[in-house]
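Results of the structural survey
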Amino acid sequence: MTERIFISSVQKELAAERLALRDFIHGDALLSRFFRVFLFEDLPAQDRRADELYLDEVARADIYLGVFGQTYGFEDNAGVSPTEREFDEATARGKERIIFVKGVDDAGRDAKMKALVHKAGGQLIRRRFIETSELTTAVYASLVAHLERTGRLRTRPFDAAACLDARVEDLSAEKLDLFLARAHNQRGYALGPGTPMAHALAHMNLLDNGQPSHAAMLLFGAQPQRFLISSEVKCMHFHGRTVQKPIPSYQIFKGTVFELVDQGVDFVLSKLNARVGTRAETNQAPVTYELPREAVAEAIVNAVMHRDYASNASVQVMLFADRLEIWNPGELPPGLTMAQLERPHPSIPHNPLLAEPMFLSRYAEKAGSGILDMFALCAADGLPAPTFRQDGGQFVQTLWRPLSAQSAVLNEPQQVTQQVTQQVPQQVEAAPLVARLLRVMPGDRECAREELMSALGLADRNNFVVQYLRPAIDAGLVEATVPDKPTSRLQKYRLTPRGLDWLQGS
C-alpha cells in the first residue's frame, strides 16, 4: 500500500523546498516504494474553491508534512491562512504530522507564523532546517522512522542502520569538531565545535537506538575500515592507456569519507602535468592542472558519497595516459538516466545521511549541480566532455586528459583521428579549428582578440578562447604580447616562429 503525503503551505518563499521534497521522495529508491506526494500545484484547474481542495486533500492524506517559513501567507475572512487551516484539519482528523521550520530561530518571523510554530511545538516535536538538502535529509529520516514504527520496513537503509559492534567511543571527537567548525563557517550550521558527540549525532540522525550508524562511522570513525573494510579508495597510475602490471604507482587510502576524498584528489593531482603562473595578481603563484582540480574533486566526491557501501568492492581511481577513470560500486537510481546527467536533474543520493554532512562541509555543492559543474569546468579548459557509463555493478566516471598539442595540431591529424576518435571525438575536432585561426592571422603584425574573432566570424568569446586560442597557445603556435597579464586591455596575439613555419607549409 502506498501512503499519501500532503505537503503544506503554498507560500512562495517555500516553493523550491516543496518541489525538492516531492522530487526527492518520488526519486528515492526506498521512499518511492511507500509514498506519493500531493502538491496543490500538481492539480489541474477545477471549478472549486482552493481552500476546499486543500482540506479535502488533507482528509485523504495519510501523513501531513508541514513546512513553515517566515511569512504567514494569504489570510481568509477570519484572518487564518491555508497553512494553519491545513494543520488544524490534520490535527482534528488524527493524521500523523511531521513539522519542519525554516531558520535556526524565530527572528524576523511573521507574528502569526510564529504563533503557529509555537502551537505546533506544543503538540509534537518539530525540526528546524536552513538549507534544502538539510530538509530532505531530515524528512528522509522521519519517513524511514515512520515505516519502521508501522512495521512496513523491518530493516533500516544501510547508511541509517547501526554499525555492527561499534560504539560511540569508536568515533573521534577531534574529527567531529573539525567537521562542525567547517560546517559552521561554510554553511552557518547551527552546531559548533565542542558539541557533545551524542547530541551532534542525534541532531544529524546518525544514531540507531543509541548505536552509531554506518554513516556515523564513515564520517567520524577513528578507524572506519575496522568496521567497514571495503570503505577505502584504491588509486593507480598507468603510463599507457590500458591496465598493465606491474602498476607503476598503486596506493590504498583509508580513513573517513572526508579523508578519502582529500587523499584521492592529492594522488591524482600529484601525477598530472601542471603549469605554474606568475605572481602578477596575487602573492602566491597560481597552479593550473591539465584537468581542472574542481572537476577531479567532484568526481571523487561523487564516487565516495554515492557508492554502495554494502558491496565488497572499493572505489577505484585510475589515471591513464589519456584519461582519469573513477569507479564506484553502485548504479544510477531508478528514473535517472545517463542522458539526464548532461542537463539539470534532481539529486537522489544513495546515502542521504552521508550526503548532508558532505554538503554542510562544502565537499559537495547544491543538489544535482555537481556533474553539470564538471561539464562546465572541462569545457572552459577546452577539454572533451566527461563521460559516464555503467559497467556491470560499477558506475564509471571518465575525465579526458588533453592530447599532445603537437600531435593534435601539427603531426598527421588524420592519423591521430584514427587512433582516438572513438575515445575523445571532441578533442580531435580542435585541430582544424586551430588551423582556421592560424590562417586568418597576419604574419607581420599583432592582432587583438576582437579582430581575430571578427575574421573568424565568431561572436562567442568563450568559444573562441576554448576552441581556438588556448589550444594554439598551448601548441606553441601563437603567443600573447602580455603573457604575464592575460586579461590586460593591451593584450594582443601574434604567430610564433613555429606558427609561421606551420602556416608556410600548410
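Cut-offs used in this document
- Residues numbered from 1 in each chain as written.
- Predicted model: local features only at pLDDT ≥ 70, side-chain atom pairs only at ≥ 80, totals over all residues.
- Heavy atoms only, no water.
- Helix = DSSP H or I, 4+ residues; strand = E, 2+ residues; numbered from the N terminus.
- Buried < 20%, exposed > 50% of the residue type's maximum accessible area, 1.4 Å probe, protein only.
- Contact = heavy atoms within 4.5 Å.
- Areas by Shrake-Rupley, 256 points an atom, 1.4 Å probe, with all protein chains shown as cover.
- Salt bridge = Lys/Arg side-chain N within 4 Å of Asp/Glu carboxyl O.
- Pairing = 2+ DSSP bridges.
- Axes fitted to C-alpha atoms, helices over the stretch in contact; angles between N-to-C directions.
- pLDDT = per-residue confidence, 0-100.
- Parallel < 35°, antiparallel > 145°, perpendicular 65-115°, else oblique.
- Left-handed = near helix turned anticlockwise from the far one by under 90°.
- Nonpolar A, V, L, I, M, F, W, Y, C, P; charged D, E, K, R; others polar.
- Polar contact = N/O pair within 3.5 Å; in protein donor to acceptor, adjacent residues only side chain to side chain.
- Phe/Tyr/Trp six-rings, centres within 6.5 Å; stacked < 30°, edge-to-face > 60°.
- Lys NZ or Arg CZ within 6 Å of the ring centre and 35° of its normal.

What follows covers the overall build of the protein. The helix and strand inventory of the protein stands at 19 helices and 17 strands. Counting only residues that meet the buried cut, the protein has 48% of its 506 residues in that class. Across the protein, contacts joining residues at least 24 apart in sequence account for 67% of those joining residues at least 6 apart. Accessible area for the protein stands at about 24,200 Å²; split by element, carbon and sulfur atoms hold 49% of it.

Enumeration over the complete set of coordinates arrives at 27 salt bridges. Taking the shortest distance from any N to any O, the salt bridge between D106 and R128 comes out at 3.3 Å. One end of the pair, D106, is in the loop between strand 4 (96–102) and helix 4 (111–121); the other, R128, is in strand 5 (residues 126–129), and 22 residues separate them in sequence. R128 sits in the partly exposed class, given a relative accessible area of 26%. Salt bridges linked by common partners bring R241, D322, R323, E325, R389 and D391 together as one network.

Across a sheet, strands are paired by hydrogen bonds formed along the backbone, either parallel or antiparallel in direction. On the basis of which strands lie adjacent, the open sheet formed by six strands has the order 9-8-12-13-15-14 and mixed pairing. A single partner strand is all that each edge strand has here, and the edge strands are strand 9 (249–253) and strand 14 (387–391). In this sheet, neighbouring strand axes are inclined to one another by 15 degrees on average, regardless of whether the strands run parallel or antiparallel. Note: strand 13 (residues 323–329) against strand 15 (residues 394–400), seven bridges, orientation antiparallel. Considered in strand 15, the bridge of R323 is made with W400. Most of the contacts of helix 10 (residues 293–306) go to strand 13, to which it runs at about 15 degrees, and overall it touches strand 8 (233–237), strand 12 (315–319), strand 13 and strand 15.

Looking now at the pairing of strand 15. Summarising burial for strand 15: seven of the seven residues are buried, a large majority. A two-sided burial pattern is seen for strand 15, the buried positions comprising Q394, V396, T398 and W400 on one face and F395, Q397 and L399 on the other. Taking the residues between adjacent antiparallel strands as the criterion, strand 14 and strand 15 are bridged by two residues, where G392 takes a positive phi near 65 degrees.

It is worth spelling out the confidence of the model for the protein at this point. The predicted structure's coordinates, where accompanied by low pLDDT, should not be read in detail. Averaged over the protein, the pLDDT score is 83; the fraction of residues at 70 or greater is 86%. Within the model, pLDDT remains below 50 along residues 404–430, and this stretch shows 40 contacts once partners closer than five positions in the same chain are excluded.

Time to look at the sheet that holds strand 2 (residues 35–38). Spatial ordering of the open sheet is given by 2-1-3-4-5, a layout of five strands whose pairing is parallel. Of all the strands in the sheet, the pair left with one neighbour each is strand 2 and strand 5. Going from strand to strand, the sheet's axes swing by 25 degrees on average, the running direction of each strand aside. Pairing of strand 1 (residues 3–7) with strand 2, which is carried by four bridges, proceeds in the parallel orientation. When the bridges of strand 2 are listed, F6 appears paired with F38. Across the face of the sheet, helix 3 (residues 82–92) comes into contact with strand 1, strand 3 (63–68) and strand 4 while running at roughly 150 degrees to strand 3. Contacts from helix 5 (residues 132–149) reach strand 1, strand 2, strand 3, strand 4 and strand 5 within the one sheet, and its direction differs from that of strand 4 by about 165 degrees.

Relative orientation of the contacting elements helix 3 and helix 4 amounts to 15 degrees, with a least axis distance of 11 Å. As the angle between them shows, helix 3 and helix 4 are arranged roughly parallel. Here the hand of the crossing between helix 3 and helix 4 comes out left-handed. Where helix 3 approaches helix 4, its residues T83, E84, F87 and D88 are matched on the opposing element by L116, K119 and A120. Here the contact of helix 3 with helix 4 is built from residues that sort into three nonpolar, one polar and three charged.

Attention shifts here to the environment of D76. Take D76: it is sitting in the loop between strand 3 and helix 3. Judged by relative accessible area, D76 falls into the partly exposed class, the value being 26%. A distance of 2.9 Å separates a polar side-chain atom of D76 from the backbone nitrogen of A78. Reaching out from D76, the side chain makes a polar contact with the backbone nitrogen of V80 at a distance of 2.9 Å.

Before going further, it helps to examine unusual backbone geometry. In the segment running from K245 into P246, the intervening peptide bond is cis, with an omega of 0 degrees. Backbone geometry places N205, a non-glycine residue, at a positive phi of 60 degrees. Structurally, N205 can be placed in the loop between helix 7 (197–203) and strand 6 (207–208). Here R362, not a glycine, exhibits a phi torsion of approximately 65 degrees, which is positive.

Looking now at the packing of aromatic side chains. Within a pair of aromatic rings, the relevant descriptors are the distance that separates the centres and the angle that separates the planes. Going through the model one piece at a time under the given rule, you end up with 13 aromatic pairs. Measuring from centroid to centroid gives 6.4 Å for F68 and F87, while their planes differ by 75 degrees, and the two rings are edge-to-face. Of the two residues, F68 is situated in strand 3 and F87 in helix 3; the sequence distance between them amounts to 19 residues. Like F68, the residue F87 is buried in the burial classification. Each residue in the set F6, F38, Y64, F68 and F87 is aromatic and connected to the rest through ring pairs, giving one cluster. Lying across the ring of F359, R187 places its NZ or CZ 3.8 Å from the centre. Sitting over the face of the ring of F320, R323 holds its NZ or CZ atom 3.9 Å from the ring centroid.

Turning our eyes to something else, we now look at the side chain of S8. Among the structural elements, S8 can be located in the loop between strand 1 and helix 1 (15–27). Reaching out from S8, the side chain makes a polar contact with the backbone nitrogen of V67 at a distance of 3.2 Å. In contact with S8, other than residues within four places in its own chain, are R18, Y64, L65, G66, V67, F68, T83 and E86.

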